[in-house]
Amino acid sequence: MARERAQKYVVQWETNMAEYRKLPWSDVEKSVMAEVDVAFASYAKAVEALDSHLQAGEWDKAEQLMSTEVRELNGTFETGFSKLVADNLVQAKVGWEGAAVTISTARTYLIGLSLGGILLFVMISALVARQVLRDVGGEPEMAASIVQAVADGNLALAIPVKACDEVSIMAAMARMH
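So, here's what we can say about the structure. The shown structure was predicted, so the numbers you read here are calculated from the model rather than taken from an experiment.

What follows covers the overall build of the protein chain. A count of helices and strands for the protein chain gives 5 helices and 0 strands. Each helix (α) and strand (β) of the protein chain, taken in turn from the N terminus, gives the series α-α-α-α-α. Radius of gyration (C-alpha) of the protein chain: 43 Å, far over the 16 Å computed for a compact globule of 177 residues. Viewed in the frame of its principal axes, the protein chain has a C-alpha envelope of about 130 × 30 × 20 Å. In the protein chain, which comprises 177 residues, the share counted as buried stands at 20%. For the protein chain, the proportion of contacts with a sequence separation of at least 24, taken over those separated by at least 6, is 58%. The distance from the centre of the 16 positive side-chain charges to the centre of the 23 negative ones in the protein chain is 3 Å.

So, in structure tokens, the structure goes:
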């Protein structure tokens, strides 16, 4: 049973490592993985020797192997993986800092574009309002009240027209009057 479990771990290790090797590595990862690869080869041999000792009933040799070589190799793995975790944390921090700068830049652009859009909207609205006032010749409410008064029969009403205004609705009503 120990043999099958050890073989299962070896297969799982090799599968995981095959996937991990497809990723881009930092210099630290390359260095650590070189150490881990050497240690894993020794570990596989030690597991085979351990299995042989156990199969032969050589309990003292198996215990000696476990307490020395296998324990040392486990320490190598633990140290290597601790280095990998520390390196990955550094890489994650660098990646996050880069992402934070990108997010901040995007936020600044969005705020600028939003403010520019609002300013453009206000400017266009002011131009449209100015053009409407020019076409009407005054406030639309005033023009509406004059039209209502004329419709009610009040033709003596004075219609205010700006000097040089010959094309507005107010100017046209003053000419009709």
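With that out of the way, let us pick up helix α5 (residues 169–176). Of all the positions in α5, only Met170, Ala171 and Met173 are classed as buried. Across the axial projection of α5, the buried residues extend over an arc of 160°, all falling on one side. Of the residues in α5, the exposed ones pointing more than 90 degrees away from the buried face are Arg175 and Met176. Buried-residue contacts for α5 involve α3 (59–136) and α4 (140–151).

Here the focus is the packing of aromatic side chains. Under the defined criterion, the tally for this structure stands at 7 aromatic pairs. Ring centres of tyrosine 43 and phenylalanine 77 lie 5.4 Å apart, and the angle between their planes is 75°; on these two criteria the pair is classed as edge-to-face. Note that tyrosine 43 is positioned in helix α2 (residues 27–55) and phenylalanine 77 in helix α3, a separation of 34 residues in sequence. According to the relative accessible area criterion, tyrosine 43 is partly exposed, its value standing at 23%. Phenylalanine 77 sits in the buried class, given a relative accessible area of 10%. Of the aromatic side chains, those joined through ring pairs into one cluster are Trp13, Phe40, Tyr43, Phe77 and Phe81.

What counts and how
Residues numbered from 1 in each chain as written. Predicted model: local features only at pLDDT ≥ 70, side-chain atom pairs only at ≥ 80, totals over all residues. Heavy atoms only, no water. Helix = DSSP H or I, 4+ residues; strand = E, 2+ residues; numbered from the N terminus. Rg over C-alpha atoms; globule rule 2.2 N^0.38 Å. Buried < 20%, exposed > 50% of the residue type's maximum accessible area, 1.4 Å probe, protein only. Contact = heavy atoms within 4.5 Å. Lys, Arg positive; Asp, Glu negative; His and termini not counted. Charge placed at Lys NZ, Arg CZ, Asp CG, Glu CD. Arc of directions from axis to C-beta. Phe/Tyr/Trp six-rings, centres within 6.5 Å; stacked < 30°, edge-to-face > 60°.

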